[in-house]
Amino acid sequence: MLIGSVALAQMPPDRSASQVLVDPLDGHEFEWSVPQSTNALGGWDSDGCTYGSDTQPRTTGVATSPTTLYSAPVDTFDRPIPEDKKLGLMEMLLGIGENVDDARRLAPFQRYELAASVGAYLGDTPYQTGELYLTGAWTVRDSVVGFLPGIVGASDAWKKLTETLPLLAEIDNDKGRTIAAFDMARLCHRAGLVHERDGFLRAIDGWPDAGVGGVEKRDEFFRRVAEENRLLAKARDAFRAGVESKVGTPADRAYYRYLIGELSRRLGDFETADTQLESVALDGAAAEEVKAYVTDIQAVLKVQGRGESAVDASVKGAESK
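Residues numbered from 1 in each chain as written. Predicted model: local features only at pLDDT ≥ 70, side-chain atom pairs only at ≥ 80, totals over all residues. Heavy atoms only, no water.

K.L.:
Which parts of the structure should I look at to understand the nonpolar core?
P.N.:
Note on soluble globular proteins: their nonpolar side chains tend to be buried together. Core analysis: the largest hydrophobic core is formed by 64 residues, its most contacted members being Leu 134, Leu 161, Leu 193, Phe 200, Phe 221, Phe 239 and Tyr 258. Broken down by element, the residue count for this core peaks at nine residues, all from helix 3 (residues 126-145). Aside from chain neighbours lying at most four places away, what touches Tyr 258 is Ser 46, Asp 47, Gly 48, Leu 277, Val 280, Val 290, Tyr 293, Val 294 and Ile 297. Residues Trp 32, Ala 72, Leu 93 and Leu 122 belong to the second largest nonpolar core, which totals 18 residues. (Core = buried A, V, L, I, M, F, W, Y, C linked by side-chain atoms within 4.5 Å. Buried < 20%, exposed > 50% of the residue type's maximum accessible area, 1.4 Å probe, protein only. Helix = DSSP H or I, 4+ residues; strand = E, 2+ residues; numbered from the N terminus. Contact = heavy atoms within 4.5 Å.)

K.L.:
Would you mind showing me how to read the sheet that holds strand 7 (residues 151-152) here?
P.N.:
The strands making up a sheet are joined through hydrogen bonds of the backbone, oriented either antiparallel or parallel. The sheet built from three strands is open, its strands ordered 4-3-7 with mixed pairing. With partners counted over all chains shown, the strands left at the sheet margins are strand 4 (50-51) and strand 7, one partner each. (Pairing = 2+ DSSP bridges.)

K.L.:
Which parts of the structure should I look at to understand helix 4 (residues 154-164)?
P.N.:
Residues that lie three or four places apart on an α-helix share one face, since the helix turns once every 3.6 residues. For helix 4, every residue scored as buried is listed here: Ala 154, Asp 156, Ala 157, Trp 158, Leu 161 and Thr 164. Where helix 4 is buried, its residues touch strand 7, helix 5 (174-191), helix 6 (194-202), helix 8 (250-266) and helix 10 (288-301).

K.L.:
What should I look at first to understand the packing of aromatic side chains in this one?
P.N.:
What describes a pair of aromatic rings is the distance from one ring centre to the other and the angle between the planes of the rings. A complete count under the given rule lists 10 aromatic pairs for this structure. Centroid distance Phe 239 to Tyr 256: 4.9 Å. Interplanar angle 40°. Geometry classified as tilted. Here Phe 239 is found in helix 7 (residues 214-244), whereas its partner Tyr 256 is found in helix 8, with 17 residues between them in sequence. On the basis of an interplanar angle of 80° and a centroid distance of 4.9 Å, the ring pair of Tyr 255 and Tyr 256 is categorised as edge-to-face. The exposure class of Tyr 255 is partly exposed, given its relative accessible area of 28%. An aromatic cluster is built from Trp 44, Tyr 127, Phe 239, Tyr 255, Tyr 256, Tyr 258 and Tyr 293, whose rings are joined through pairwise contacts. We note Lys 85 situated over the ring of Tyr 121; from NZ or CZ to the ring centre the distance is 5.2 Å. Stacked on the ring of Trp 207, the Lys or Arg Arg 177 has its end atom at 4.4 Å from the ring centre. (Phe/Tyr/Trp six-rings, centres within 6.5 Å; stacked < 30°, edge-to-face > 60°. Lys NZ or Arg CZ within 6 Å of the ring centre and 35° of its normal.)

Listed below in C-alpha coordinates is the structure:
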(Lines give C-alpha, C1' and ligand atoms only; values in the text may rest on other atoms or scores of the structure.)
Protein backbone atom coordinates (compact mmCIF):
# COMPACT_ATOMS: atom_id res chain seq x y z
CA MET A 1 0.00 0.00 0.00
CA LEU A 2 2.92 2.37 0.59
CA ILE A 3 3.58 3.43 -2.98
CA GLY A 4 6.27 6.05 -2.60
CA SER A 5 4.56 9.23 -3.83
CA VAL A 6 3.38 12.15 -1.75
CA ALA A 7 1.27 13.58 -4.58
CA LEU A 8 -2.42 13.88 -3.85
CA ALA A 9 -3.18 11.59 -6.75
CA GLN A 10 -1.22 10.00 -9.55
CA MET A 11 -3.84 10.15 -12.27
CA PRO A 12 -3.97 7.28 -14.79
CA PRO A 13 -3.40 7.76 -18.51
CA ASP A 14 -6.16 9.15 -20.68
CA ARG A 15 -7.42 6.79 -23.38
CA SER A 16 -10.38 8.47 -25.01
CA ALA A 17 -12.14 9.18 -28.28
CA SER A 18 -14.00 12.26 -29.51
CA GLN A 19 -17.72 12.47 -30.11
CA VAL A 20 -19.65 15.30 -31.77
CA LEU A 21 -22.49 16.67 -29.65
CA VAL A 22 -25.15 19.22 -30.54
CA ASP A 23 -26.31 21.82 -28.02
CA PRO A 24 -30.11 21.43 -27.91
CA LEU A 25 -30.53 25.11 -27.03
CA ASP A 26 -28.63 26.85 -29.85
CA GLY A 27 -27.68 24.02 -32.23
CA HIS A 28 -23.95 24.54 -31.74
CA GLU A 29 -21.85 21.47 -32.56
CA PHE A 30 -18.76 20.66 -30.53
CA GLU A 31 -16.45 17.73 -29.88
CA TRP A 32 -16.38 15.96 -26.55
CA SER A 33 -13.79 13.49 -25.28
CA VAL A 34 -15.28 10.20 -24.11
CA PRO A 35 -13.22 7.37 -22.53
CA GLN A 36 -13.27 4.26 -24.72
CA SER A 37 -13.20 1.62 -21.99
CA THR A 38 -12.47 0.95 -18.35
CA ASN A 39 -11.83 -1.90 -15.94
CA ALA A 40 -12.48 -2.63 -12.29
CA LEU A 41 -8.88 -2.97 -11.09
CA GLY A 42 -9.26 -0.23 -8.50
CA GLY A 43 -12.23 -1.86 -6.80
CA TRP A 44 -15.11 0.13 -5.31
CA ASP A 45 -16.03 2.30 -2.36
CA SER A 46 -18.91 1.80 0.04
CA ASP A 47 -20.99 4.57 -1.57
CA GLY A 48 -20.81 2.91 -4.98
CA CYS A 49 -17.80 4.71 -6.48
CA THR A 50 -15.85 2.36 -8.77
CA TYR A 51 -12.31 2.68 -10.12
CA GLY A 52 -10.44 1.55 -13.21
CA SER A 53 -6.71 1.78 -13.81
CA ASP A 54 -7.16 4.25 -16.67
CA THR A 55 -8.96 7.60 -16.66
CA GLN A 56 -12.29 7.19 -14.87
CA PRO A 57 -15.18 7.48 -17.39
CA ARG A 58 -17.01 9.82 -15.01
CA THR A 59 -14.34 12.47 -15.65
CA THR A 60 -15.98 13.35 -18.97
CA GLY A 61 -19.32 11.64 -18.34
CA VAL A 62 -21.10 14.99 -18.35
CA ALA A 63 -20.64 17.32 -21.32
CA THR A 64 -20.98 21.10 -21.23
CA SER A 65 -21.74 23.22 -24.28
CA PRO A 66 -19.14 25.99 -24.68
CA THR A 67 -21.77 28.44 -25.93
CA THR A 68 -24.71 28.09 -23.51
CA LEU A 69 -23.30 25.97 -20.62
CA TYR A 70 -26.07 23.43 -21.25
CA SER A 71 -24.80 20.36 -19.40
CA ALA A 72 -26.01 16.77 -19.32
CA PRO A 73 -24.70 13.22 -19.26
CA VAL A 74 -23.24 12.37 -22.66
CA ASP A 75 -25.67 9.49 -23.20
CA THR A 76 -28.70 11.77 -22.68
CA PHE A 77 -27.26 14.99 -24.08
CA ASP A 78 -29.73 14.98 -26.96
CA ARG A 79 -32.83 14.71 -24.75
CA PRO A 80 -35.74 16.69 -26.22
CA ILE A 81 -36.32 20.01 -24.46
CA PRO A 82 -39.88 21.39 -24.54
CA GLU A 83 -40.07 24.72 -26.31
CA ASP A 84 -41.70 26.36 -23.30
CA LYS A 85 -38.68 25.39 -21.18
CA LYS A 86 -35.91 26.65 -23.45
CA LEU A 87 -36.06 30.37 -22.68
CA GLY A 88 -36.12 29.87 -18.92
CA LEU A 89 -33.29 27.37 -19.11
CA MET A 90 -31.23 29.73 -21.25
CA GLU A 91 -31.79 32.53 -18.74
CA MET A 92 -30.79 30.30 -15.82
CA LEU A 93 -27.59 29.23 -17.58
CA LEU A 94 -26.84 32.81 -18.62
CA GLY A 95 -26.94 33.84 -14.97
CA ILE A 96 -24.54 31.04 -14.02
CA GLY A 97 -22.31 31.94 -16.97
CA GLU A 98 -21.60 35.40 -15.58
CA ASN A 99 -19.06 33.72 -13.30
CA VAL A 100 -17.57 31.41 -15.97
CA ASP A 101 -14.69 32.73 -18.07
CA ASP A 102 -14.24 29.65 -20.26
CA ALA A 103 -16.69 26.73 -20.21
CA ARG A 104 -14.01 24.44 -21.63
CA ARG A 105 -11.96 24.86 -18.46
CA LEU A 106 -14.66 23.87 -16.00
CA ALA A 107 -13.67 21.11 -13.58
CA PRO A 108 -15.62 17.85 -13.90
CA PHE A 109 -17.48 18.45 -10.63
CA GLN A 110 -18.62 21.86 -11.90
CA ARG A 111 -20.09 20.26 -15.01
CA TYR A 112 -21.95 17.74 -12.85
CA GLU A 113 -23.39 20.56 -10.74
CA LEU A 114 -24.54 22.32 -13.90
CA ALA A 115 -26.13 19.09 -15.15
CA ALA A 116 -27.95 18.67 -11.83
CA SER A 117 -29.33 22.20 -12.12
CA VAL A 118 -30.41 21.58 -15.71
CA GLY A 119 -32.02 18.28 -14.78
CA ALA A 120 -33.90 19.77 -11.86
CA TYR A 121 -35.20 22.58 -14.07
CA LEU A 122 -36.40 20.05 -16.64
CA GLY A 123 -38.23 18.00 -14.00
CA ASP A 124 -35.83 15.19 -13.18
CA THR A 125 -36.45 13.34 -9.92
CA PRO A 126 -34.47 14.17 -6.76
CA TYR A 127 -32.77 10.81 -7.16
CA GLN A 128 -31.52 11.74 -10.65
CA THR A 129 -30.15 15.10 -9.54
CA GLY A 130 -28.70 13.50 -6.41
CA GLU A 131 -26.86 10.93 -8.51
CA LEU A 132 -25.27 13.76 -10.50
CA TYR A 133 -24.11 15.48 -7.32
CA LEU A 134 -22.77 12.17 -6.02
CA THR A 135 -20.84 11.37 -9.19
CA GLY A 136 -19.53 14.93 -9.22
CA ALA A 137 -18.23 14.33 -5.69
CA TRP A 138 -16.48 11.20 -6.93
CA THR A 139 -14.62 13.22 -9.57
CA VAL A 140 -13.18 15.31 -6.74
CA ARG A 141 -12.33 12.13 -4.82
CA ASP A 142 -10.45 10.90 -7.88
CA SER A 143 -8.13 13.89 -7.59
CA VAL A 144 -7.44 13.02 -3.94
CA VAL A 145 -6.98 9.25 -3.99
CA GLY A 146 -5.74 8.51 -7.51
CA PHE A 147 -5.42 4.79 -8.20
CA LEU A 148 -5.28 2.38 -5.27
CA PRO A 149 -5.70 -1.19 -6.52
CA GLY A 150 -8.21 -3.79 -5.41
CA ILE A 151 -10.06 -2.10 -2.54
CA VAL A 152 -13.54 -3.62 -2.32
CA GLY A 153 -15.71 -1.79 0.17
CA ALA A 154 -15.28 -0.37 3.65
CA SER A 155 -14.42 -3.56 5.52
CA ASP A 156 -11.71 -4.50 3.03
CA ALA A 157 -10.23 -1.01 3.29
CA TRP A 158 -10.24 -1.27 7.10
CA LYS A 159 -8.50 -4.66 6.85
CA LYS A 160 -5.83 -3.22 4.55
CA LEU A 161 -5.37 -0.28 6.92
CA THR A 162 -4.80 -2.46 9.98
CA GLU A 163 -2.54 -4.85 8.04
CA THR A 164 -0.39 -1.96 6.81
CA LEU A 165 0.02 -0.21 10.16
CA PRO A 166 2.87 -2.48 11.39
CA LEU A 167 4.87 -1.66 8.25
CA LEU A 168 5.03 1.97 9.34
CA ALA A 169 7.43 1.01 12.14
CA GLU A 170 10.03 0.18 9.50
CA ILE A 171 10.13 3.72 8.10
CA ASP A 172 13.21 5.51 9.43
CA ASN A 173 13.32 8.79 7.48
CA ASP A 174 11.24 11.97 7.34
CA LYS A 175 10.47 11.82 3.65
CA GLY A 176 9.37 8.20 3.84
CA ARG A 177 7.01 8.70 6.74
CA THR A 178 5.48 11.81 5.13
CA ILE A 179 4.79 9.79 2.01
CA ALA A 180 3.36 6.98 4.16
CA ALA A 181 1.08 9.40 6.02
CA PHE A 182 -0.39 10.61 2.71
CA ASP A 183 -0.81 7.06 1.39
CA MET A 184 -2.63 6.02 4.55
CA ALA A 185 -4.80 9.14 4.42
CA ARG A 186 -5.79 8.32 0.83
CA LEU A 187 -6.74 4.79 1.85
CA CYS A 188 -8.77 6.12 4.79
CA HIS A 189 -10.50 8.63 2.55
CA ARG A 190 -11.65 5.90 0.20
CA ALA A 191 -12.93 3.98 3.21
CA GLY A 192 -14.84 6.92 4.66
CA LEU A 193 -12.68 6.85 7.80
CA VAL A 194 -12.80 10.57 8.44
CA HIS A 195 -11.00 10.80 11.78
CA GLU A 196 -8.39 8.23 10.81
CA ARG A 197 -7.71 10.16 7.57
CA ASP A 198 -7.36 13.44 9.42
CA GLY A 199 -5.11 11.82 12.00
CA PHE A 200 -2.61 10.73 9.37
CA LEU A 201 -2.66 14.14 7.71
CA ARG A 202 -2.08 15.96 10.99
CA ALA A 203 0.71 13.56 11.96
CA ILE A 204 3.10 15.44 9.69
CA ASP A 205 3.02 18.51 11.94
CA GLY A 206 6.46 19.05 13.43
CA TRP A 207 8.27 16.71 11.02
CA PRO A 208 11.10 18.08 8.90
CA ASP A 209 9.71 18.62 5.40
CA ALA A 210 12.45 16.69 3.59
CA GLY A 211 11.65 18.57 0.38
CA VAL A 212 8.20 17.13 -0.27
CA GLY A 213 6.02 20.14 0.63
CA GLY A 214 3.92 18.07 3.00
CA VAL A 215 2.12 20.93 4.76
CA GLU A 216 1.05 22.57 1.50
CA LYS A 217 -0.10 19.24 0.07
CA ARG A 218 -1.96 18.50 3.30
CA ASP A 219 -3.78 21.84 3.07
CA GLU A 220 -4.76 21.10 -0.52
CA PHE A 221 -5.90 17.62 0.50
CA PHE A 222 -8.24 19.16 3.08
CA ARG A 223 -9.50 21.72 0.56
CA ARG A 224 -10.46 19.01 -1.90
CA VAL A 225 -12.09 16.94 0.83
CA ALA A 226 -14.21 19.97 1.73
CA GLU A 227 -15.27 20.33 -1.92
CA GLU A 228 -16.19 16.66 -2.10
CA ASN A 229 -18.13 16.89 1.16
CA ARG A 230 -20.11 19.85 -0.14
CA LEU A 231 -21.29 17.75 -3.07
CA LEU A 232 -21.92 14.68 -0.91
CA ALA A 233 -24.17 16.83 1.29
CA LYS A 234 -26.10 18.08 -1.77
CA ALA A 235 -26.52 14.49 -2.95
CA ARG A 236 -27.75 13.43 0.49
CA ASP A 237 -30.25 16.29 0.60
CA ALA A 238 -31.61 15.32 -2.82
CA PHE A 239 -31.92 11.63 -1.88
CA ARG A 240 -33.63 12.57 1.38
CA ALA A 241 -36.12 14.75 -0.52
CA GLY A 242 -36.94 11.82 -2.80
CA VAL A 243 -37.40 9.39 0.08
CA GLU A 244 -39.55 11.81 2.08
CA SER A 245 -41.73 12.42 -0.99
CA LYS A 246 -42.03 8.63 -1.46
CA VAL A 247 -40.58 8.77 -4.96
CA GLY A 248 -40.05 5.35 -6.55
CA THR A 249 -40.72 1.85 -5.30
CA PRO A 250 -40.08 0.67 -1.72
CA ALA A 251 -36.89 -0.99 -3.00
CA ASP A 252 -35.80 2.30 -4.56
CA ARG A 253 -36.36 4.14 -1.31
CA ALA A 254 -34.43 1.49 0.65
CA TYR A 255 -31.50 1.92 -1.74
CA TYR A 256 -31.45 5.67 -1.32
CA ARG A 257 -31.79 5.38 2.47
CA TYR A 258 -28.64 3.24 2.34
CA LEU A 259 -26.91 6.04 0.44
CA ILE A 260 -28.21 8.64 2.91
CA GLY A 261 -26.71 6.55 5.72
CA GLU A 262 -23.39 6.00 3.99
CA LEU A 263 -22.99 9.62 2.92
CA SER A 264 -23.81 10.66 6.48
CA ARG A 265 -20.99 8.41 7.73
CA ARG A 266 -18.58 10.01 5.27
CA LEU A 267 -19.69 13.44 6.46
CA GLY A 268 -19.10 12.50 10.11
CA ASP A 269 -22.82 12.36 10.98
CA PHE A 270 -22.66 8.95 12.65
CA GLU A 271 -26.04 9.14 14.39
CA THR A 272 -27.86 9.55 11.08
CA ALA A 273 -25.68 6.84 9.55
CA ASP A 274 -26.61 4.37 12.30
CA THR A 275 -30.32 5.15 12.05
CA GLN A 276 -30.60 4.97 8.27
CA LEU A 277 -28.45 1.87 7.83
CA GLU A 278 -30.27 -0.01 10.58
CA SER A 279 -33.62 0.81 8.98
CA VAL A 280 -32.42 -0.58 5.65
CA ALA A 281 -31.07 -3.72 7.32
CA LEU A 282 -34.56 -4.40 8.70
CA ASP A 283 -36.44 -3.39 5.54
CA GLY A 284 -37.97 -6.35 3.73
CA ALA A 285 -38.14 -4.30 0.52
CA ALA A 286 -34.38 -3.75 0.40
CA ALA A 287 -32.50 -5.80 -2.19
CA GLU A 288 -30.11 -8.41 -0.82
CA GLU A 289 -27.18 -6.66 -2.52
CA VAL A 290 -28.06 -3.43 -0.74
CA LYS A 291 -28.31 -5.25 2.59
CA ALA A 292 -24.86 -6.71 1.96
CA TYR A 293 -23.47 -3.20 1.46
CA VAL A 294 -25.14 -2.12 4.70
CA THR A 295 -23.68 -5.06 6.64
CA ASP A 296 -20.22 -4.23 5.32
CA ILE A 297 -20.51 -0.59 6.38
CA GLN A 298 -22.00 -1.40 9.79
CA ALA A 299 -19.01 -3.61 10.56
CA VAL A 300 -16.69 -0.64 10.04
CA LEU A 301 -18.96 1.72 11.97
CA LYS A 302 -18.33 -0.48 15.01
CA VAL A 303 -14.56 0.02 14.92
CA GLN A 304 -13.83 3.37 13.30
CA GLY A 305 -13.31 6.46 15.42
CA ARG A 306 -16.29 8.72 16.03
CA GLY A 307 -14.60 11.55 17.89
CA GLU A 308 -10.97 10.84 17.09
CA SER A 309 -8.94 8.31 15.16
CA ALA A 310 -9.26 4.69 16.26
CA VAL A 311 -5.69 3.94 15.15
CA ASP A 312 -2.30 5.38 16.04
CA ALA A 313 -1.49 7.70 13.13
CA SER A 314 1.98 8.66 14.33
CA VAL A 315 3.67 6.68 11.52
CA LYS A 316 6.31 5.66 14.06
CA GLY A 317 5.60 2.07 14.97
CA ALA A 318 1.86 2.67 14.76
CA GLU A 319 -0.39 -0.11 16.00
CA SER A 320 -4.13 -0.58 16.32
CA LYS A 321 -5.46 0.58 19.65
